[in-house]
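Residues per chain, in single letters:
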Amino acid sequence: MDIVVVDNLEKRFGAVCAVGGISFRVAAGQTVALLGGNGAGKTTTISMLLGLLLPSAGSIRLFGSDIARSRAAVLPRMNFSSPYVDLPHRLTARENLTVFARLYGIRNPAQRIAELTTALDLGALVDRRTGSLSAGQKTRVALAKALLNKPELLLLDEPTASLDPDTADWIRHYLEVFQKETGAAILLASHNMGEVERLADEVLMLRKGKIVDRGTPDDLIYRFGRQNLEEVFLDIARDRRVAELPVLS
Ligand SMILES: Nc1ncnc2c1ncn2[C@@H]1O[C@H](COP(=O)(O)OP(=O)(O)OP(=O)(O)O)[C@@H](O)[C@H]1O
(Lines give C-alpha, C1' and ligand atoms only; values in the text may rest on other atoms or scores of the structure.)
Protein backbone atom coordinates (compact mmCIF):
# COMPACT_ATOMS: atom_id res chain seq x y z
CA MET A 1 0.00 0.00 0.00
CA ASP A 2 1.33 3.43 -0.94
CA ILE A 3 1.53 5.72 2.09
CA VAL A 4 2.96 8.65 0.10
CA VAL A 5 2.00 9.56 -3.46
CA VAL A 6 3.64 12.75 -4.73
CA ASP A 7 2.70 13.94 -8.17
CA ASN A 8 4.44 16.74 -10.10
CA LEU A 9 5.22 18.61 -6.90
CA GLU A 10 6.61 22.11 -7.28
CA LYS A 11 7.72 24.83 -4.90
CA ARG A 12 8.89 28.23 -6.01
CA PHE A 13 10.20 30.99 -3.75
CA GLY A 14 9.93 34.01 -6.03
CA ALA A 15 12.41 33.40 -8.82
CA VAL A 16 13.93 30.35 -7.07
CA CYS A 17 12.52 26.99 -8.09
CA ALA A 18 13.30 24.88 -5.00
CA VAL A 19 11.34 21.82 -6.14
CA GLY A 20 10.64 21.55 -9.85
CA GLY A 21 7.96 18.95 -10.54
CA ILE A 22 8.92 15.73 -8.77
CA SER A 23 6.87 12.54 -8.51
CA PHE A 24 7.46 9.55 -6.26
CA ARG A 25 5.76 7.03 -3.99
CA VAL A 26 6.66 5.47 -0.66
CA ALA A 27 4.97 2.19 0.24
CA ALA A 28 4.39 0.80 3.73
CA GLY A 29 7.57 -0.83 4.99
CA GLN A 30 9.66 0.94 2.37
CA THR A 31 12.45 3.51 2.79
CA VAL A 32 12.93 6.07 0.05
CA ALA A 33 15.92 8.41 0.23
CA LEU A 34 16.21 11.92 -1.16
CA LEU A 35 19.81 12.49 -2.11
CA GLY A 36 21.25 15.71 -3.45
CA GLY A 37 23.75 18.45 -2.80
CA ASN A 38 23.11 21.58 -0.75
CA GLY A 39 20.04 23.39 -2.01
CA ALA A 40 18.76 20.43 -4.08
CA GLY A 41 15.27 20.66 -2.56
CA LYS A 42 15.25 17.87 0.07
CA THR A 43 14.13 19.92 3.08
CA THR A 44 11.60 21.84 1.00
CA THR A 45 10.07 18.54 -0.14
CA ILE A 46 9.84 17.24 3.44
CA SER A 47 8.35 20.54 4.61
CA MET A 48 5.60 20.24 2.00
CA LEU A 49 4.85 16.67 3.11
CA LEU A 50 4.48 17.95 6.66
CA GLY A 51 2.15 20.68 5.45
CA LEU A 52 4.53 23.39 6.69
CA LEU A 53 4.92 24.78 3.18
CA LEU A 54 2.20 24.95 0.57
CA PRO A 55 3.16 23.57 -2.85
CA SER A 56 3.17 25.97 -5.80
CA ALA A 57 1.79 23.13 -7.94
CA GLY A 58 1.22 19.39 -7.89
CA SER A 59 -0.32 17.15 -5.28
CA ILE A 60 0.58 15.15 -2.18
CA ARG A 61 -1.53 12.19 -1.11
CA LEU A 62 -0.78 10.68 2.30
CA PHE A 63 -2.62 7.53 3.44
CA GLY A 64 -4.84 7.93 0.37
CA SER A 65 -5.98 11.48 1.21
CA ASP A 66 -5.00 14.78 -0.35
CA ILE A 67 -2.97 16.57 2.35
CA ALA A 68 -4.39 19.92 1.18
CA ARG A 69 -7.80 18.76 2.42
CA SER A 70 -7.08 16.33 5.25
CA ARG A 71 -3.98 17.55 7.06
CA ALA A 72 -5.54 17.17 10.51
CA ALA A 73 -6.44 13.53 9.82
CA VAL A 74 -3.03 12.48 8.52
CA LEU A 75 -0.69 14.36 10.89
CA PRO A 76 -1.32 12.07 13.91
CA ARG A 77 -0.18 9.11 11.78
CA MET A 78 3.19 10.65 10.93
CA ASN A 79 6.17 12.26 12.61
CA PHE A 80 9.52 13.75 11.69
CA SER A 81 12.98 14.47 12.93
CA SER A 82 15.20 17.27 11.74
CA PRO A 83 18.36 18.83 13.11
CA TYR A 84 16.97 22.19 11.93
CA VAL A 85 14.08 22.12 14.40
CA ASP A 86 15.19 22.65 17.98
CA LEU A 87 13.13 21.56 20.97
CA PRO A 88 12.61 24.27 23.62
CA HIS A 89 15.93 24.62 25.47
CA ARG A 90 14.67 25.39 28.97
CA LEU A 91 12.61 22.22 29.28
CA THR A 92 14.25 18.94 30.14
CA ALA A 93 14.24 16.27 27.46
CA ARG A 94 11.53 14.40 29.42
CA GLU A 95 9.37 17.53 29.66
CA ASN A 96 9.73 18.11 25.93
CA LEU A 97 8.83 14.50 25.16
CA THR A 98 5.85 14.74 27.52
CA VAL A 99 4.53 17.86 25.77
CA PHE A 100 4.77 16.14 22.38
CA ALA A 101 3.28 12.90 23.73
CA ARG A 102 0.26 14.92 24.91
CA LEU A 103 0.02 16.73 21.57
CA TYR A 104 -0.11 13.33 19.88
CA GLY A 105 -2.71 12.11 22.36
CA ILE A 106 -0.58 9.20 23.54
CA ARG A 107 -2.46 7.27 26.24
CA ASN A 108 0.37 6.56 28.64
CA PRO A 109 3.11 9.14 27.95
CA ALA A 110 5.30 8.09 30.89
CA GLN A 111 5.40 4.48 29.69
CA ARG A 112 6.13 5.38 26.05
CA ILE A 113 8.89 7.81 27.14
CA ALA A 114 10.38 5.09 29.35
CA GLU A 115 10.40 2.66 26.38
CA LEU A 116 12.16 5.19 24.16
CA THR A 117 14.56 6.20 26.94
CA THR A 118 15.72 2.59 27.07
CA ALA A 119 15.68 2.05 23.30
CA LEU A 120 17.66 5.20 22.51
CA ASP A 121 19.83 5.06 25.63
CA LEU A 122 18.61 8.41 26.97
CA GLY A 123 18.75 7.50 30.66
CA ALA A 124 21.58 9.87 31.48
CA LEU A 125 20.09 12.72 29.43
CA VAL A 126 16.37 12.66 29.87
CA ASP A 127 16.22 14.83 32.99
CA ARG A 128 18.69 17.41 31.76
CA ARG A 129 17.67 20.69 30.16
CA THR A 130 17.53 20.21 26.42
CA GLY A 131 19.63 23.34 25.88
CA SER A 132 22.51 21.81 27.83
CA LEU A 133 22.77 18.73 25.59
CA SER A 134 25.40 18.25 22.92
CA ALA A 135 24.35 18.24 19.25
CA GLY A 136 24.48 14.45 19.07
CA GLN A 137 22.50 14.08 22.30
CA LYS A 138 19.84 16.47 20.95
CA THR A 139 19.66 14.39 17.78
CA ARG A 140 18.81 11.30 19.85
CA VAL A 141 16.13 13.20 21.80
CA ALA A 142 14.70 14.47 18.50
CA LEU A 143 14.52 10.88 17.26
CA ALA A 144 12.69 9.86 20.42
CA LYS A 145 10.22 12.68 19.74
CA ALA A 146 9.81 11.37 16.17
CA LEU A 147 8.99 7.86 17.39
CA LEU A 148 6.63 8.80 20.24
CA ASN A 149 3.43 8.08 18.31
CA LYS A 150 4.82 4.97 16.51
CA PRO A 151 4.32 6.79 13.21
CA GLU A 152 3.18 4.92 10.11
CA LEU A 153 5.08 7.53 8.10
CA LEU A 154 8.41 8.80 9.37
CA LEU A 155 10.12 11.77 7.71
CA LEU A 156 13.79 11.91 8.61
CA ASP A 157 15.94 14.88 7.65
CA GLU A 158 19.57 13.98 8.41
CA PRO A 159 18.60 11.58 11.23
CA THR A 160 22.17 10.85 12.27
CA ALA A 161 23.59 14.37 11.91
CA SER A 162 26.20 15.03 14.63
CA LEU A 163 26.23 11.43 15.84
CA ASP A 164 29.54 9.65 16.25
CA PRO A 165 29.94 6.61 13.94
CA ASP A 166 29.16 4.09 16.68
CA THR A 167 25.99 5.87 17.86
CA ALA A 168 24.90 6.50 14.26
CA ASP A 169 25.28 2.80 13.53
CA TRP A 170 23.02 1.64 16.34
CA ILE A 171 20.47 4.36 15.58
CA ARG A 172 20.30 3.00 12.01
CA HIS A 173 19.88 -0.47 13.42
CA TYR A 174 17.12 0.78 15.69
CA LEU A 175 15.35 2.41 12.74
CA GLU A 176 15.55 -0.88 10.83
CA VAL A 177 14.06 -2.77 13.77
CA PHE A 178 11.33 -0.13 14.22
CA GLN A 179 10.40 -0.38 10.55
CA LYS A 180 10.37 -4.17 10.59
CA GLU A 181 8.13 -4.24 13.66
CA THR A 182 5.71 -1.52 12.58
CA GLY A 183 5.81 -1.58 8.75
CA ALA A 184 6.36 2.19 8.75
CA ALA A 185 7.12 4.03 5.53
CA ILE A 186 10.26 6.16 5.81
CA LEU A 187 11.31 9.13 3.70
CA LEU A 188 14.92 9.94 4.44
CA ALA A 189 17.03 12.94 3.43
CA SER A 190 20.70 12.41 4.13
CA HIS A 191 24.17 13.41 3.05
CA ASN A 192 25.50 10.19 4.49
CA MET A 193 25.87 7.82 1.54
CA GLY A 194 26.65 4.79 3.68
CA GLU A 195 23.42 5.42 5.57
CA VAL A 196 21.40 5.70 2.38
CA GLU A 197 23.03 2.58 0.93
CA ARG A 198 22.12 0.65 4.06
CA LEU A 199 18.58 1.90 4.68
CA ALA A 200 17.08 2.88 1.33
CA ASP A 201 15.02 0.66 -0.95
CA GLU A 202 14.89 3.45 -3.53
CA VAL A 203 17.08 6.52 -3.99
CA LEU A 204 15.89 9.71 -5.69
CA MET A 205 18.84 11.76 -6.91
CA LEU A 206 17.83 15.42 -6.75
CA ARG A 207 19.56 18.29 -8.48
CA LYS A 208 18.17 21.81 -8.53
CA GLY A 209 14.76 20.52 -7.46
CA LYS A 210 14.49 17.84 -10.15
CA ILE A 211 14.91 14.08 -9.97
CA VAL A 212 17.86 13.44 -12.26
CA ASP A 213 18.11 9.69 -11.57
CA ARG A 214 16.49 7.06 -9.39
CA GLY A 215 16.76 3.42 -8.50
CA THR A 216 17.82 1.01 -5.80
CA PRO A 217 21.29 1.74 -4.39
CA ASP A 218 22.61 -1.41 -6.12
CA ASP A 219 20.99 -0.44 -9.42
CA LEU A 220 22.52 3.06 -9.36
CA ILE A 221 25.95 1.75 -8.38
CA TYR A 222 25.78 -0.80 -11.21
CA ARG A 223 24.56 1.65 -13.85
CA PHE A 224 27.23 4.21 -12.99
CA GLY A 225 29.86 1.47 -12.90
CA ARG A 226 30.91 2.52 -9.42
CA GLN A 227 31.83 0.85 -6.14
CA ASN A 228 29.43 2.72 -3.89
CA LEU A 229 26.77 5.42 -3.75
CA GLU A 230 29.25 8.10 -2.76
CA GLU A 231 31.00 7.72 -6.10
CA VAL A 232 27.64 7.87 -7.92
CA PHE A 233 26.78 11.04 -6.03
CA LEU A 234 30.12 12.62 -6.96
CA ASP A 235 29.59 11.73 -10.63
CA ILE A 236 26.25 13.51 -10.60
CA ALA A 237 27.59 16.49 -8.62
CA ARG A 238 30.57 16.86 -10.95
CA ASP A 239 28.36 16.83 -14.02
CA ARG A 240 26.58 19.75 -12.46
CA ARG A 241 29.79 21.61 -11.85
CA VAL A 242 30.92 21.04 -15.44
CA ALA A 243 27.53 22.21 -16.71
CA GLU A 244 27.73 25.30 -14.53
CA LEU A 245 31.20 26.40 -15.57
CA PRO A 246 31.04 29.73 -17.38
CA VAL A 247 31.47 29.45 -21.13
CA LEU A 248 34.78 31.06 -22.12
CA SER A 249 34.72 33.04 -25.34
N1 LIG B 1 12.12 30.17 2.54
C2 LIG B 1 12.88 30.22 1.45
N3 LIG B 1 12.95 31.34 0.69
C4 LIG B 1 13.68 31.40 -0.43
N5 LIG B 1 14.39 30.35 -0.90
C6 LIG B 1 14.37 29.21 -0.21
C7 LIG B 1 13.61 29.08 1.00
N8 LIG B 1 13.77 27.81 1.47
C9 LIG B 1 14.59 27.20 0.61
N10 LIG B 1 14.96 28.03 -0.40
C11 LIG B 1 15.82 27.70 -1.53
O12 LIG B 1 15.30 26.53 -2.13
C13 LIG B 1 16.35 25.67 -2.56
C14 LIG B 1 16.21 24.31 -1.93
O15 LIG B 1 16.48 24.41 -0.53
P16 LIG B 1 16.37 23.15 0.46
O17 LIG B 1 16.57 23.66 1.83
O18 LIG B 1 15.13 22.40 0.16
O19 LIG B 1 17.63 22.28 -0.01
P20 LIG B 1 18.26 20.97 0.64
O21 LIG B 1 18.37 19.95 -0.45
O22 LIG B 1 17.52 20.57 1.85
O23 LIG B 1 19.72 21.51 1.00
P24 LIG B 1 20.77 21.16 2.19
O25 LIG B 1 21.38 19.85 1.82
O26 LIG B 1 21.73 22.29 2.10
O27 LIG B 1 20.00 21.11 3.48
C28 LIG B 1 17.65 26.40 -2.22
O29 LIG B 1 18.07 27.09 -3.38
C30 LIG B 1 17.23 27.37 -1.12
O31 LIG B 1 18.06 28.50 -1.11
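Note that this is a predicted model, so its numbers are computed, not measured.

Q: Sorry if this is basic, but what is going on with the sheet that holds strand 5 (residues 65–66) here?
A: Strand pairing in a sheet relies on backbone hydrogen bonds, with the paired strands running either antiparallel or parallel. Spatially, the 4 strands line up as an open sheet ordered 2-1-4-5, and their pairing is antiparallel. Edge positions in the open sheet fall to strand 2 (16–27) and strand 5, since each of these has one partner strand only. Pairing of strand 1 (residues 2–13) with strand 4 (residues 57–62), which is carried by 5 bridges, proceeds in the antiparallel orientation. Bridging across to strand 4, Glu-10 finds its partner in Ala-57. In the packing of helix 1 (residues 42–49) onto the sheet, the strands contacted are strand 1, strand 2 and strand 4, and the crossing angle to strand 1 comes to about 120 degrees.

Q: Teacher, can you tell me more about the pattern of salt bridges here?
A: Any two side chains of opposite charge can pair, given that their charged atoms come close. What the rule picks out here adds up to 13 salt bridges. Where Glu-152 meets Arg-77, a salt bridge forms, and the shortest distance between an N and an O atom there is 2.9 Å. One end of the pair, Glu-152, is in the loop between helix 5 (135–147) and strand 7 (153–157); the other, Arg-77, is in the loop between helix 2 (67–74) and strand 6 (78–81), and 75 residues separate them in sequence. Looking at Glu-152, the relative accessible area reads 34%, which means it is partly exposed. Its salt-bridge partner being Asp-235, residue Arg-226 comes within 2.9 Å of it at the nearest N-O pair. With relative accessibility at 35%, the residue Arg-226 sits in the partly exposed group.

Calculation criteria
- Residues numbered from 1 in each chain as written.
- Predicted model: local features only at pLDDT ≥ 70, side-chain atom pairs only at ≥ 80, totals over all residues.
- Heavy atoms only, no water.
- Pairing = 2+ DSSP bridges.
- Helix = DSSP H or I, 4+ residues; strand = E, 2+ residues; numbered from the N terminus.
- Contact = heavy atoms within 4.5 Å.
- Axes fitted to C-alpha atoms, helices over the stretch in contact; angles between N-to-C directions.
- Salt bridge = Lys/Arg side-chain N within 4 Å of Asp/Glu carboxyl O.
- Buried < 20%, exposed > 50% of the residue type's maximum accessible area, 1.4 Å probe, protein only.

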